[in-house]
Amino acid sequence: MEQTQGLVVLDFGGQYAQLIARRLREQGVYAELFPWDAAPDEVMALQPRGFVLSGGPASVYEPGAPRIPEYVFQSGLPILGICYGLQALVHQLGGQVAPAPRREYGLAWLEVPRENPLIPPGRHQVWMSHGDRVEVIPSGFQVLGSTEHSPYAAIGDVERGYYGVQFHPEVQHTPIGPDILRRFAVHVCGVTANWHPGNWIPRLVDEIRQKVGRERVLAAVSGGVDSTVAAALVHRAVGDQLIAVFVDTGLLRKGERELVERVLRDVLGVPLRVVDASQEFLNALRGVTDPEEKRRIVGETFIRVFEQEARAVGHPPFLVQGTIYPDVIESRAPERRHAARIKTHHNVGGLPPDMRFTLVEPLRYFFKDEVRRLGLALGLPEELVWRQPFPGPGLAVRCLGEVTPERLTVLREADAIFREELRRAGYLGPPRRKGPQPVSQAFAVLLPVRAVGVMGDQRTYEEVVALRAVVTEDFMTADWAPLPHELLARVASRIVNEVPGVNRVVYDITTKPPGTIEWE
Ligand code: XMP
């Protein structure tokens, strides 16, 4: 963090803690998230201007409940407690918290009678989710706002710059929320709200130069947003010391390799090595139909090919990784990691331990939407910046049953038609001000079944394509996209008419959970 205009968000285990940092940044206020019990030195090294305390599942009066650390009070900096954060603040400053007569969950109306530094006067819709509530406020505090069931829904000690809200200003259901967070940062903490990920480019470039010196750096680019933006940044920092490698697995979508070549070579001028390993991948996948087996094979083959490439260019000591901020946060909070392995994810992260690289991770401070803004600031085309996620194992997990060159061609053509029609109708690309919103992810799947049909006077017996389009915020849960029937009809008719080998198209209307987004 810069010398510093930022806030620290302490995470008390609430599900929205990351959102607080994101919302602050969207308001131009730099914020970093730390576990509530992080080492004080590490937190204070950022020289924050204030603290925001997140919500959390505990009750303050339970033994062992997370506490606001002493150094936070000793710093003399302003504090904003949210939900559990508010309750901890009240409890530790001598007020009282107790179970509410009933749990309050959902929308409420907040009445703010007077001017104050945190919330504009008026009646605001807010989102509540709490079991405990404040019964007695500590001395020095006044009530800033109340709701029907929470007399102390917003409180503040203007003198000390301590504030607390029972509701969640970080969620969308609290429309005034971003304003509250911004007011806390600007009016209470004295931050200038002008942060933008693009402002950080010179600083990131400096950091990379210092780290890498005159050494060479290897990057595996996949065509995804993260790996491309990371490579673009490193290239800006060290120029041709960067060697970018793109492995054509033969499992890519139509036009993908060309897009990567065009953007990296022609737009950014990055030295790019394209390795055509499609034969190797196809050979390894021959006869395999089990999804986990396919994922394992693609992952292993990728590592083998990448190792060969690294050796071919004399094994540079540094490797670029597109690690982003949520990965960093997750790795600090082990209890949040997914317990059950639903699918094996194979990305470059799985390199064998004997392949030693020092990692360069220029995106480790950024959320996904910020990586996109950074990409645009670096001159990447919108087409790439707004690309949807594409799984590491590629079309292998969308070609159900055996992966053969013929079936891959069928799938690739069907998928290209689907995406072309979606783009034409405004369902792909950046979020729009008006009209239909883009879907989060959309693709075709080739099913390992045949159906009977009739074309002209001929009986046909061919394969089935399933279309999948989902809407999601975080890809952990997803809804199927309610695409217009005319659009689906056009896609289906084009696929059946233009793609030999397919005579039936179905639309997947499964949510996640219980389904997953990919079929394998
Ligand atoms: P599922 O199918 O688990 O997918 O609902 C959630 C998101 O993750 C993507 N996905 C992957 N991404 N490597 C990746 O980088 C993988 O192996 C992988 N498998 C699934 C999927 O496309 C969706 O966006």
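Residues numbered from 1 in each chain as written. Predicted model: local features only at pLDDT ≥ 70, side-chain atom pairs only at ≥ 80, totals over all residues. Heavy atoms only, no water.

## Describing the domain arrangement of the protein
Accessible area lost upon the coming together of the parts is a frequently used measure of interface size.
Now for step 1: As assigned here, the protein comprises domain 1 (6–195), domain 2 (198–385) and domain 3 (398–507).
Now for step 2: Measuring from the centre of the C-alpha atoms in domain 1 to the corresponding centre in domain 2 gives 38 Å.
Now for step 3: Listed by partner, the interface residues are 16 residues for domain 1 and 13 residues for domain 2.
Now for step 4: Considering only the surface of domain 1 that becomes buried against domain 2, Gln18, Arg25 and Trp195 emerge as the three largest contributors, covering 43% of it.
Now for step 5: The interface formed by domain 1 and domain 2 includes four residue pairs in polar contact (both at pLDDT 80 or more).
Now for step 6: Examining the composition of the side of domain 1 that touches domain 2, we find that five residues originate from one element, helix H1 (residues 17–26), more than from any other.
Now for step 7: Looking at side-chain class alone, the side of domain 1 that touches domain 2 contains six nonpolar, four polar and six charged residues. (Domains from an automatic or database assignment. Contact = heavy atoms within 4.5 Å. Buried area = accessible area lost by both parts, 1.4 Å probe. Polar contact = N/O pair within 3.5 Å; in protein donor to acceptor, adjacent residues only side chain to side chain. Helix = DSSP H or I, 4+ residues; strand = E, 2+ residues; numbered from the N terminus. Nonpolar A, V, L, I, M, F, W, Y, C, P; charged D, E, K, R; others polar.)

## Things to note about the pattern of salt bridges
Now for step 1: Applying the stated criterion to the full structure yields 33 salt bridges.
Now for step 2: The partner of Asp157 in a salt bridge is Arg160, with the nearest N and O atoms 2.7 Å apart.
Now for step 3: A residue is classified by how much of its surface remains accessible, and Asp157, at 3% relative accessible area, is buried.
Now for step 4: Given a relative accessible area of 36%, Arg160 falls into the partly exposed group.
Now for step 5: The salt bridge partner of Glu498 is Arg494, with a shortest N-O separation of 2.8 Å. Pair noted here: Glu498 and Arg494 are both in helix H15 (residues 485–498), with a separation of four residues, about one helical turn.
Now for step 6: Owing to a relative accessible area of 44%, Glu498 belongs among the partly exposed residues under this scheme.
Now for step 7: Each of Glu420, Glu421, Arg424, Arg490, Arg494 and Glu498 takes part in one network of salt bridges that share partners. (Salt bridge = Lys/Arg side-chain N within 4 Å of Asp/Glu carboxyl O. Buried < 20%, exposed > 50% of the residue type's maximum accessible area, 1.4 Å probe, protein only.)

## Focus on the sheet that holds strand E10 (residues 217–220)
Now for step 1: Taking strand neighbours across the sheet as the criterion, the five strands line up as E12-E11-E10-E13-E14 in an open arrangement whose pairing is parallel. Looking at the sheet topology across the chains shown, the edges are occupied by strand E12 (272–276) and strand E14 (358–360). Across the sheet, the axes of successive neighbouring strands diverge by a mean angle of 30°, strand direction being ignored.
Now for step 2: By the bridge criterion, three bridges tie strand E13 (residues 318–320) to E14 in an arrangement that is parallel. Across the sheet, the residue bridging to Leu319 is Leu359, located in E14.
Now for step 3: Along the sheet face, helix H6 (residues 201–212) touches E10, E13 and E14 and points at about 165° away from the line of E14.
Now for step 4: Seen against the sheet, helix H8 (residues 256–267) touches strand E11 (242–248) and E12 and runs at an angle of roughly 165° to E12. (Pairing = 2+ DSSP bridges. Axes fitted to C-alpha atoms, helices over the stretch in contact; angles between N-to-C directions.)

## Some remarks on the side chain of Asp132
Now for step 1: Positionally, Asp132 belongs in strand E6 (residues 122–136).
Now for step 2: Put simply, Asp132 is tucked away with no salt bridge, and the nearest opposite charge, on Arg103, sits 8.1 Å away.
Now for step 3: A polar side-chain atom of Asp132 sits 2.7 Å from a polar atom in the side chain of Ser59.
Now for step 4: Discounting residues that sit within four places of it in the chain, Asp132 has contacts with Ala58, Ser59, Val60, Tyr61, Gln87, Val97, Ala98, Pro99, Ala100 and Gln166. (Lys, Arg positive; Asp, Glu negative; His and termini not counted.)

## Re the packing of helix H9 (residues 278–285) against helix H10 (residues 291–312)
Now for step 1: Interhelical geometry of H9 versus H10 gives an angle of 150° and a closest axis separation of 10 Å. Pair H9 / H10 crosses with right-handed handedness. The residues of H10 that touch H9, namely those facing Glu280, Phe281, Ala284 and Leu285, are Lys294, Ile297, Val298, Thr301, Phe302, Arg304, Val305 and Gln308.
Now for step 2: The class makeup of the residues in the contact of H9 with H10 is seven nonpolar, two polar and three charged. (Left-handed = near helix turned anticlockwise from the far one by under 90°.)

## Examining the sheet that holds strand E3 (residues 51–53)
Now for step 1: Pairing is mixed in the open sheet, where seven strands are placed in the order E2-E1-E3-E4-E9-E8-E7. In this open sheet, the two edge strands, each paired with only one partner strand, are strand E2 (31–35) and strand E7 (142–145). Taking the axes of each pair of neighbouring strands and ignoring which way they run, one obtains an average angle of 20° across the sheet.
Now for step 2: Where strand E1 (residues 7–11) and E3 come together, three bridges link them in parallel fashion. Its bridge partner lying in E3, Leu10 is registered against Leu53.
Now for step 3: On top of the sheet, helix H4 (residues 84–92) reaches E3, strand E4 (79–82), strand E8 (154–157) and strand E9 (162–165); it is set at about 120° to E4, its chief contact.

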